[in-house]
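A closer look at the structure
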Amino acid sequence: ILITNGVITQIGTDLSAPAGVTVIDGTGKFVMPGIIDAHSHLNTVSTNEARNPVTAEVTMEESIDPNEVSIYRALAGGVTSIHLMHGSANVIGGQGETLKLRYGTNQDGMRFDGAKRTIKFALGENPTRVHGQGNGILPRTRMGVEQIIRSHFDEALDYRMKREDYLSAKEKYESDKRGRTAPPVPVAKNLRYDVLNDIIDGEILVHCHSYRADEILMLMRVFNDYGIKDYTFQHANEAFKVAPEIAKNGAYTSVFADWWAYKFEVNDAIPYNAALLQDMGVLTAINSDDAEMARRLNQEAAKAVKYGGVSQEEAWKMVTLNPAKLLHLDHKVGSIKSGKDADIVLWTDNPLSVYAKVQQTYVDGRCYFDAEKDLELRQRNTQERARLIQKMLSDKKAGKPTQVVKAEQRIHYHCDTLEDGKHDNHQH
């Protein structure tokens, strides 16, 4: 595999490379495309803007922590790209951000250039608990969730018509040199409605937090009424029950391999979900939604082989090419192909094996994780830690000032993490 300027330029045997090019010997190793996590909260600094059931105007693009150590740990598990998502406190939540795990860079340096815009929807228990329990705000029921979506789409369409009429009238008024045209009544720009109209127009991809089959059917009916296509059901634990309908509507799914029973809503989940969806022609990805699980998505993919007999190639696609497709990035990543970004992982064994470890992880042709280098850094850190401890003990013995060690508080974000760092359903 010849990589030039971060892009795969040739694949084959006996390739000739320009002088000075670094040569990596992969003999005995497995060379695979980088893993793409289609549902992540890996390095966010906040997840839920829970003040309203609809917060389409907010975005994750400024909620990126490029220094979060979980990025490095994900690279050590072969992950090269993530879809950083808003939480599930809102029926229509904030916009997402797709990232390349270029650990050590800044916020802008992590953005996946050219990635399509996305937004988070949520059905069921999470938005009804946050907004509908005694405060008089919709939705309190699953019926209310549907009505929130329909009413806000209608309001957005009405706003667009009035806004366009106003802008047209304003232009006519400003061009009237004789002053015979009355000034138009202003219609202020509304970012929330602009985003909702972009969804209707297909400019933004919807990724919907969902569990139950009835809710999945509901959203597809709503989207059909507004002409919305090309969307993904995240989690989708009961999607296997309505797989033919999902396939008919051309929707995608991004699921857990076997997470279930963490709340009553998912009690009907089964580990055969991904395999059944695959068999019914639904493009399916397997995701993490969890910083710890992101480090072993290779093993999550392997569960599709165990449960349902999915082929190894199709199982690996569930964490590489399939998430790339549902994010509209398969022209850039998801497989090892000439012309694609050099997001490549070198494994010690078949990555679907529990014995496989990542040897090296490359993003855009640059090595961001190396197992041998990692071992050297660990040994260096151990020595430095011992030196600092001895210095502190010596200073204390000499009577120098001391202070109590304060533990750093780190929030492990999930879909339902609220700003106090707690989960609104206390289930994860």
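Scroll up to find the structure.
Notes on the structure in this doc start here. What you see is a predicted model; the values in this text were computed from it and never measured.

Each value, and the rule that gives it
- Residues numbered from 1 in each chain as written.
- Predicted model: local features only at pLDDT ≥ 70, side-chain atom pairs only at ≥ 80, totals over all residues.
- Heavy atoms only, no water.
- Helix = DSSP H or I, 4+ residues; strand = E, 2+ residues; numbered from the N terminus.
- Expected span 1.5 Å × (residues − 1).
- Buried < 20%, exposed > 50% of the residue type's maximum accessible area, 1.4 Å probe, protein only.
- Contact = heavy atoms within 4.5 Å.
- Polar contact = N/O pair within 3.5 Å; in protein donor to acceptor, adjacent residues only side chain to side chain.
- Core = buried A, V, L, I, M, F, W, Y, C linked by side-chain atoms within 4.5 Å.
- Pairing = 2+ DSSP bridges.
- Axes fitted to C-alpha atoms, helices over the stretch in contact; angles between N-to-C directions.
- Salt bridge = Lys/Arg side-chain N within 4 Å of Asp/Glu carboxyl O.
- 1 Å grid on protein atoms, 1.4 Å probe; cavity = no way out; pocket = protein on both sides within 12 Å on 5 of 7 lines; lining within 4 Å.
- Points joined across faces, edges and corners; volume = space filled by probe spheres on them.
- Nonpolar A, V, L, I, M, F, W, Y, C, P; charged D, E, K, R; others polar.
- Patch = residues over 30% accessible without salt bridge, like charges linked within 9 Å, V, L, I, M, F, W, Y side chains within 5 Å.
- Areas by Shrake-Rupley, 256 points an atom, 1.4 Å probe, with all protein chains shown as cover.
- Parallel < 35°, antiparallel > 145°, perpendicular 65-115°, else oblique.
- Left-handed = near helix turned anticlockwise from the far one by under 90°.

**Focus: helix H4 (residues 142-175)**
Spanning 34 residues, H4 covers 50 Å between terminal C-alpha atoms, matching the ideal 50 Å at 1.5 Å per step. Inspection of H4 places Gly144, Val145, Ile148, Ile149, Arg150, His152, Phe153, Ala156, Tyr159, Arg163 and Tyr166 among the buried residues, and these make up the whole buried set. Check the buried side of H4 and you find it contacts strand E6 (92-95), strand E8 (117-122), helix H3 (125-131), helix H5 (191-200) and helix H6 (213-226).

**Considering the side chain of Arg150**
Within the element layout of this structure, Arg150 appears in helix H4. Classification of Arg150 by relative accessible area gives buried; the value is 19%. Looking at Arg150, its side chain comes within polar contact range of the side chain of Glu146, at 3.0 Å. Not counting residues up to four positions away in its chain, the partners in contact with Arg150 are Arg221, Val222, Asp225 and Tyr226.

**Brief notes about the nonpolar core**
Formed by 77 residues in total, the largest nonpolar core has its most connected members in Phe121 and Phe153. No other element matches the 8 residues that H6 contributes to this core. Setting aside its immediate chain neighbours within four residues, Phe121 contacts Asn90, Val91, Ile92, Ile149, Phe153, Ile199, Val206, His207, Cys208, His209, Leu219 and Phe223. Grouped together as the second largest cluster of nonpolar side chains are 11 residues, Ala285, Leu327, Leu329 and Val333 included.

**Description of helix H9 (residues 297-306)**
Taken residue by residue, H9 has Leu297, Asn298, Glu300, Ala301, Ala302 and Ala304 as its buried positions. Turning to H9, the residues buried within the fold contact strand E4 (35-40), strand E12 (284-286), helix H10 (312-317) and strand E13 (344-347). Positive phi appears at Gly308, one or two residues downstream of H9, with a value of about 110°.

**Focus: the sheet that holds strand E5 (residues 79-84)**
Spatially, the 3 strands line up as an open sheet ordered E4-E5-E7, and their pairing is mixed. The sheet is open, and its two borders are formed by E4 and strand E7 (97-100), each paired with just one other strand. Pairwise comparison of adjacent strand axes, ignoring direction, gives a mean angle of 20° for this sheet. In this structure, E4 lies alongside E5, joined through 4 bridges in parallel fashion. Bridging from a neighbouring strand, Ser40 pairs with Leu84 of E5.

**A word on the pattern of salt bridges**
Under the defined criterion, the tally for this structure stands at 33 salt bridges. A salt bridge links Glu384 to Arg387; the shortest N-O distance between them is 2.7 Å. Note that Glu384 and Arg387 are positioned in helix H12 (residues 371-397) at a spacing of 3 residues, about one turn of the helix. Judged by its relative accessible area of 36%, Glu384 falls in the partly exposed class.

**With respect to the environment of Gln147**
Summarising the element assignment, Gln147 is placed in helix H4. The spacing of Gln147 and Ile64 is 83 residues in sequence and 32 Å in space, taken between C-alpha atoms.

**Quick word on the sheet that holds strand E15 (residues 366-370)**
In spatial order, the strands read E3-E13-E14-E15; together these 4 strands make up an open sheet with antiparallel pairing. The open sheet is flanked by strand E3 (30-33) and E15, the only strands paired with a single partner. On average, each strand axis in the sheet is inclined to that of its neighbour by 20°, with strand direction left out of account. Inspection of the sheet shows E3 paired to E13 by 4 bridges, in the antiparallel sense.

**Thoughts on the environment of Glu125**
Note on placement: Glu125 falls in helix H3. C-alpha separation for the pair Glu125 and Gln312, spaced 187 residues apart in sequence, amounts to 35 Å. Once you skip the residues sitting within four places of it in the chain, Glu125 turns out to touch Arg142, Lys263 and Glu265. Here Arg129 takes part through its side chain, which lies 2.6 Å from a polar atom of the side chain of Glu125.

**A few points about the layout of surface pockets**
Of the pockets and cavities examined, the largest pocket occupies roughly 640 Å³. What lines the largest pocket is a set of 17 residues, and nearest its centre among them are Ile1, Ile3, Thr22, Val23 and Ile24. Those elements that place two or more of their residues in the lining of the largest pocket are strand E1 (2-4) and E13. Ranked by residues supplied to the lining of the largest pocket, first place goes to E13 with 3 residues. In terms of residue class, the lining of the largest pocket is made up of 13 nonpolar, 3 polar and 1 charged. Of the voids in this model, the second largest pocket is the one considered here, and its volume is about 370 Å³. Forming the boundary of the second largest pocket are 19 residues, of which Glu68, Ser70, Arg410, Ile411 and His412 lie nearest the centre. Looking at the lining of the second largest pocket residue by residue, the class counts come to 6 nonpolar, 6 polar and 7 charged.

**Some details on a nonpolar patch on the surface**
A cluster of nonpolar residues, Leu388, Ile389, Met392 and Leu393, forms a patch on the protein surface that exposes about 370 Å² of accessible area. Of note, Leu388 is situated in helix H12.

**Focus on the packing of H4 against H6**
Between H4 and H6, the least distance of the axes is 11 Å, while the angle of their chain directions is 15°. Viewed along their axes, H4 and H6 adopt a mutual orientation that is roughly parallel. Helix-helix and strand crossings are classified by hand; for H4 and H6 the assignment is right-handed. Across the interface between the two elements, Arg142, Val145, Glu146, Ile149, Arg150, Phe153, Asp154 and Leu157 from H4 touch Glu215, Met218, Leu219, Arg221, Val222, Phe223, Asp225 and Tyr226 from H6.

**A closer look at unusual backbone geometry**
Even without being a glycine, Asp230 presents a positive backbone phi close to 65°. If you trace the backbone, Asp230 turns up in the loop between H6 and strand E10 (232-235).

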